[in-house]
2 protein chains.
Amino acid sequence: MSAASQARRRRGADDLEIVVFEQSGWVSYSACGEPYYLSGLVPDLDRLVARRPEEFWARQIDARLHHRVEEIDAAAGKVTVRSPDGTETYGYDQLVYATGASPVPPAIEGADAAGVFPLETLDDAAAIKEAMRTAKRAVVVGGGYLGVEVAEAFADSGLETVMVTSGSGVLNRSLDDDMVDLATREAVAAGLSLVAGHRVEKLVTESGHVKGVVAGELIPADVVVVGLGTSPVVDVAVTAGIPLGPTGAIAVDARQRTEIEGVWAAGDCAEAHHRVTGRPANVHLGTVANKQGRVAGINLGGGDATFPGILGTAITKYRGVEIARTGLTEAEAAAHEIDAVAATTSSTTTAGYWPEAEPMWIKVVVDRATARLLGAQIVGGKGAGKRIDVLAAGIWNEMDGHRFSMMDLSYAPPFSGTWDPVLIAARKAAEQT
Amino acid sequence: MSAASQARRRRGADDLEIVVFEQSGWVSYSACGEPYYLSGLVPDLDRLVARRPEEFWARQIDARLHHRVEEIDAAAGKVTVRSPDGTETYGYDQLVYATGASPVPPAIEGADAAGVFPLETLDDAAAIKEAMRTAKRAVVVGGGYLGVEVAEAFADSGLETVMVTSGSGVLNRSLDDDMVDLATREAVAAGLSLVAGHRVEKLVTESGHVKGVVAGELIPADVVVVGLGTSPVVDVAVTAGIPLGPTGAIAVDARQRTEIEGVWAAGDCAEAHHRVTGRPANVHLGTVANKQGRVAGINLGGGDATFPGILGTAITKYRGVEIARTGLTEAEAAAHEIDAVAATTSSTTTAGYWPEAEPMWIKVVVDRATARLLGAQIVGGKGAGKRIDVLAAGIWNEMDGHRFSMMDLSYAPPFSGTWDPVLIAARKAAEQT
């Protein structure tokens, strides 16, 4: 929808017809907000809709819900679309492929039972919310961002909730092990009930409804949400001969063009240039999807925009525990054969003597030879997480830890120490080089 | 003390004797924390002391309290020092001039009455706290950072408190008028009682004790704190022939050397290179003073450090209203004959549908020709203020608003919209060019 909006902004309806095919019944909504609908913080699903279809229609963007593109004939410039009314073919001059990512299906016995859900669309959220009405016990399978947020939502809703992860703790695919340990310890202290280091062996069912999760032990559950990550939706693209990149997502250039003339791709289904590794990456984040859609739409509309790449910046929280990351972890740097060193500082979210001071740990990863900032991870109390953005800005601008540490950041006791801890963490990391 | 610590770290006591003369009875304390001692949030003054004199003595840093340097003979390498024991002369090879800034004395009739205070040292804080015990009504003269923080402290302590400022609202020397209006409106909504646009004509006294402040009207007061800004303490330097720069503070190079061989200067008494104007500036902020002291100490100790300059980044709050700035305001840009344009966005501190979402306004100032970021100002609820650091990092790295707007910043509904408002504000400003 970002692409459609930007294209429309540049070319009027008499100049460019825009049709959007959307397989679900929703457009332009905040999937990231769904856990907070489950918890009740967001009182109804409509609040998560940024723009209703009518708003697009009013701008001559013909958004068609419950329409799924089944096939693309890129040579002929045609798509085959299935809808409740049947299957039809539409011609196009320019195509934006923006199918997103979908949950990795659980290859677990019993996963098709009633009471077991993914959480992707608003319909999923509505179904889970309905199941929560009668549920007493919940299990969240997976310790990623979705798992953390749904576990919080369930627990805050009064469900007896257990998270099961095969990793050593929460967010173990996003953070280095030492930061996983800190994040996990803090989340557990905040009430997270966790079974770590166990794959789910199977789901126990009764009359077709889930009754429990076996992961080392049997954990009773009336409702189970499975969040084992997402993968780019590229099936139709593959059949159409639109090339994928090394990540398995669609290869695009900086203007969001695929390798097929007239076909663009943007969002979770497309690759993005990683500014630190210099390699293609495929992350599934609304921030990146929005920006890429915007770039595709501007270009399609005759403008000239480039997508500058990503750092993989992300943030979440479990109750009062904020967790954020950007750039590369130490482990990711090693996987890319980058010789990195790191330092982790223990500090507070405000001046130490401020009564609301909460613990905060910041890990900064730098290149051993140049002290260039490569990545950062933060775990801490209120006010900790968003500090990742300053570190992201430093990495984005290819600063080294020494230079970064001397930046003129804001200070007052309710907000930080005289040297904001991000500055100290960067300096300590640079001093390891 | 930063300079002394860094010098000692590089040169042992057998190699370098370090003597510190301090006119007050305190070293290494957080002046910025004093308002929060007044409010009771910080229960005792000792909490504001970062390092006690004993800690410095233990590292062979001979910190002498109640010693005031009266005269410097730079040619002979001697200082004349007055202490309770009399006046003595000490020789030196290297001198660091770090006298800070002191409150501008109020040229107001009655300002010498009992119950009227500056707030600079811990002794001032102790005296005000004592006066608060019997006071019922307080007036804060001045609407700057100190005024805002002391007004909050007084009001939160139950005193009937009025702020008097000659400006149109709070922080009128730090923000553009439109942001002053927003900050003032929000602070007043949060309980600030303000008499704006009035200079204090005189203080009314009775038996030598303040009874009220006349500023258009008579405002009764048992305790008055005057915060009319601070000026660099350069009297001894001037007499010694240490050259000042155009701001009236001591001229220094990037290594914190004054123009006199063997004499360094750092902190509020010294100038700093402003990275946006390219001109010397003199700001009185602990962040800058700490960094400059560190640079002077490293260099004095035989290392090689440079101070990279400032942006004038600052932050404060009045209850739940956070206010921050960095770089140049529109007015400051105009004063420096920089052709600037600006945009102000109205957004929220979190996703709009998040229940704790609070209003946030971000003004971004850019160069009209290049869209380069020049400055930013923020007013908003919890989580708003520290966002200034991301904008500071963008200005620091000479980013333009377009490039800045595409940075990969963190997003989750409890923290921001999909596009963090700082990104949108920068883009809107750049679109004005």
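Here the structure is a predicted model, which is why all the values come from computation and not from measurement.

Student: A description of the overall build of chain A should follow, citing residues and the corresponding values.
Tutor: Secondary structure summary: chain A contains 12 helices and 24 strands in total. Computed over its C-alpha atoms, the radius of gyration of chain A comes to 23 Å, within 12% of the 22 Å expected for a compact globule of 433 residues. Its C-alpha atoms put chain A at 65 × 55 × 40 Å along the principal axes. For chain A, with 433 residues in total, the buried portion stands at 55%. As displayed, chain A offers around 17100 Å² of accessible surface, 47% of which is attributable to carbon and sulfur atoms. Side-chain charges of chain A comprise 39 positive and 56 negative groups, with the mean position of each set lying 4 Å from the other.

Student: Lay out the interface of chain B and chain A in plain terms, naming residues and giving numbers.
Tutor: Opposite the 62 residues of chain B that make contact, chain A presents 62 residues. Both sides of the chain B and chain A interface together cover about 5300 Å² of buried area, and 66% of this is carbon and sulfur. On the chain B side of the contact with chain A, Y353, D408 and F415 of chain B bury the most area, a combined 15% of that side's loss. Our enumeration of links across chain B and chain A arrives at six salt bridges. Here K382 of chain A ties to E356 of chain B by a salt bridge, and the two come within 3.7 Å at their closest N and O atoms. Counting across the interface, chain B meets chain A through 22 residue pairs in polar contact (both at pLDDT 80 or more). Elements represented by at least two residues in the side of chain B that touches chain A include exactly α8 (286–300), β20 (314–318), α10 (388–396), α11 (401–405) and α12 (421–431) of chain B. Counting residues per element, the side of chain B that touches chain A draws most heavily on α8 of chain B, at seven residues. Of the residues belonging to the side of chain B that touches chain A, the class tally is 32 nonpolar, 15 polar and 15 charged.

Student: Can you tell me about helix α8 (residues 286–300) of chain A, naming the residues and giving the values?
Tutor: For α8 of chain A, which comprises 15 residues, the first-to-last C-alpha distance of 21 Å matches the rise-based estimate of 21 Å (1.5 Å per residue) to within 8%. Here α8 of chain A lies mainly inside the structure; 12 of its 15 residues are buried. Every buried residue belonging to α8 of chain A is among T287, V288, K291, Q292, G293, R294, V295, A296, G297, I298, N299 and L300 of chain A, and all of these are buried. Elements in contact with the buried residues of α8 of chain A: α1 (2–10), β6 (95–97), β17 (263–265) and β18 (272–273) of chain A together with α11 and α12 of chain B. Immediately beyond the C-terminal end of α8 of chain A, within one or two residues, lies G302 of chain A, with a positive phi of roughly 100 degrees.

Student: Now, about the nonpolar core: what can you tell me, with residues and values included?
Tutor: Core analysis: the largest hydrophobic core is formed by 94 residues, its most contacted members being V364, F404 and M407 of chain A together with V364, F404 and M407 of chain B. Dropping the residues within four chain positions of it, V364 of chain A is found in contact with V341, A342, A343, L373, G375, A376, L391, A425, A426 and A429 of chain A.

Student: Describe the relation of the copies chain B and chain A, and please don't skip the residues or the numbers.
Tutor: For the match of chain B to chain A, the screw axis carries a shift of 0.0 Å, the RMSD comes to 0.0 Å, and the turn is 180 degrees. The relationship between the two copies is best expressed as a two-fold rotation axis. Relative to the rotation axis, the closest C-alpha in chain B is found at V390 of chain B, a distance of 2.4 Å. A share of 100% of interface residues in chain B that are also interface residues in chain A marks the association as one of identical surfaces.

Student: Lay out the side chain of T316 of chain A in plain terms, naming residues and giving numbers.
Tutor: Along the chain, the position of T316 of chain A falls in strand β20 (residues 314–318). Note on T316 of chain A: relative accessible area 0%, which makes it buried. At 2.5 Å, the side chain of T316 of chain A forms a polar contact with the side chain of E149 of chain A. Setting aside residues no more than four positions away along its own chain, T316 of chain A makes contact with Y145, V148, E149, L171, V321, E322 and I323 of chain A together with F415 of chain B.

Student: Run through the pattern of salt bridges, naming residues and quoting values.
Tutor: Residue and element names in this part refer to chain A. Under the criterion given, the structure shown has 46 salt bridges over all chains. Here R11 and D15 are joined by a salt bridge, their closest N and O atoms 2.9 Å apart. Across the pair E332 and R325 runs a salt bridge, and its minimum N-O distance is 3.1 Å. What makes E332 partly exposed here is its relative accessible area of 23%. Overlapping salt bridges bring together R68, E70, R82 and D235 as one network.

Student: Quick rundown of the packing of aromatic side chains? Include the residues and the values.
Tutor: Each aromatic ring pair is specified by the distance between its two centres and by the angle formed by the two planes. Going through the model one piece at a time under the given rule, you end up with four aromatic pairs over all chains. Seen in terms of ring centroids, F21 of chain A and Y90 of chain A are 4.9 Å apart; in terms of plane orientation they differ by 50 degrees. Their pairing is tilted. In this pair, F21 of chain A is assigned in strand β1 (residues 18–22) and Y90 of chain A in strand β5 (residues 86–91), connecting sequence segments 69 residues apart. R275 of chain A extends its terminal NZ or CZ atom over the ring of W396 of chain A, reaching a point 3.8 Å from the ring centre. Looking at K291 of chain A, its charged tip hangs above the ring of W419 of chain B, at a distance of 5.1 Å from the centre.

Student: Any details on the sheet that holds strand β10 (residues 160–165) of chain B? Residues and values, ideally.
Tutor: Sheets are built from strands that pair by backbone hydrogen bonding, the pairs being arranged parallel or antiparallel. Residues and elements named next belong to chain B. What the five strands build is an open sheet, ordered β8-β15-β9-β10-β11; its pairing is parallel. The sheet terminates laterally at β8 (116–117) and β11 (194–196), the two strands that pair on one side only. Where strand β9 (residues 137–141) and strand β15 (residues 223–226) come together, four bridges link them in parallel fashion. Following the sheet pairing, A138 is matched in β15 by V223.

Student: I'd like to hear about the sheet that holds strand β5 (residues 86–91) of chain B, residue by residue, with values.
Tutor: Residues and elements named next belong to chain B. Reading across from one edge, β3-β4-β5 is the order of the three strands in this open sheet, with antiparallel pairing throughout. Edge positions in the open sheet fall to β3 (68–73) and β5, since each of these has one partner strand only. When the angles between neighbouring strand axes are averaged without regard to direction, this sheet yields 25 degrees. Taken together, the six bridges between strand β4 (residues 78–83) and β5 define a ladder with antiparallel strand orientation. The residue bridging T80 from the neighbouring strand is T89, located in β5.

Student: Account for the confidence of the model for chain A, with residues named and values stated.
Tutor: Summarising the model, chain A shows a mean pLDDT of 97, and 100% of its residues fall at 70 or more. What the predictor reports for the complex is a pTM of 0.98 with an ipTM of 0.98.

Student: Any chance you could break down the pairing of strand β12 (residues 202–206) of chain A for me, citing the residues and the numbers?
Tutor: Every regular strand shows the same layout, with side chains that alternate between the two sheet faces. Residues and elements named next belong to chain A. As paired strands, β12 and strand β13 (residues 209–215) are joined by five bridges and run antiparallel to one another. Its bridge partner being in β13, L203 is matched across the sheet by V213. In this structure, the hairpin formed by β12 and β13 is closed by a connection of two residues, where S207 is found at a positive phi of approximately 50 degrees.

Student: Describe in detail helix α6 (residues 177–189) of chain B, supporting the description with residues and values.
Tutor: Because each turn of an α-helix spans 3.6 residues, side chains separated by three or four positions end up pointing in the same direction. The end-to-end C-alpha distance of α6 of chain B, which contains 13 residues, comes to 18 Å, matching closely the 18 Å that a straight helix rising 1.5 Å per residue would cover. On the buried face of α6 of chain B, the contacting elements are β11, β20, β21 (321–327), β22 (340–348), β23 (359–367) and β24 (373–380) of chain B.

Student: A description of the environment of G385 of chain B should follow, citing residues and the corresponding values.
Tutor: Residue and element names in this part refer to chain B. Following the sequence through the fold, G385 ends up in the loop between β24 and α10. By relative accessible area, G385 is classed as buried at 0%. Residues G385 and R325, 60 residues apart in the sequence, show an inter-C-alpha distance of 8.4 Å.

Student: How would you explain unusual backbone geometry if you had to name every residue and give the values?
Tutor: Residues and elements named next belong to chain A. Of note in this structure, S28 is not a glycine but carries a positive phi near 50 degrees. Here S28 is to be found in the loop between β1 and α2 (34–38). Phi is positive for A371, which is not a glycine, with a value near 65 degrees. Its place among the elements puts A371 in the loop between β23 (359–367) and β24 (373–380).

Conventions adopted
Residues numbered from 1 in each chain as written. Chains lettered and ligands numbered in written order. Predicted model: local features only at pLDDT ≥ 70, side-chain atom pairs only at ≥ 80, totals over all residues. Heavy atoms only, no water. Helix = DSSP H or I, 4+ residues; strand = E, 2+ residues; numbered from the N terminus. Rg over C-alpha atoms; globule rule 2.2 N^0.38 Å. Buried < 20%, exposed > 50% of the residue type's maximum accessible area, 1.4 Å probe, protein only. Areas by Shrake-Rupley, 256 points an atom, 1.4 Å probe, with all protein chains shown as cover. Lys, Arg positive; Asp, Glu negative; His and termini not counted. Charge placed at Lys NZ, Arg CZ, Asp CG, Glu CD. Contact = heavy atoms within 4.5 Å. Buried area = accessible area lost by both parts, 1.4 Å probe. Salt bridge = Lys/Arg side-chain N within 4 Å of Asp/Glu carboxyl O. Polar contact = N/O pair within 3.5 Å; in protein donor to acceptor, adjacent residues only side chain to side chain. Nonpolar A, V, L, I, M, F, W, Y, C, P; charged D, E, K, R; others polar. Expected span 1.5 Å × (residues − 1). Core = buried A, V, L, I, M, F, W, Y, C linked by side-chain atoms within 4.5 Å. Least-squares fit on C-alpha atoms with pLDDT ≥ 70 in both. Phe/Tyr/Trp six-rings, centres within 6.5 Å; stacked < 30°, edge-to-face > 60°. Lys NZ or Arg CZ within 6 Å of the ring centre and 35° of its normal. Pairing = 2+ DSSP bridges. Axes fitted to C-alpha atoms, helices over the stretch in contact; angles between N-to-C directions. pLDDT = per-residue confidence, 0-100.

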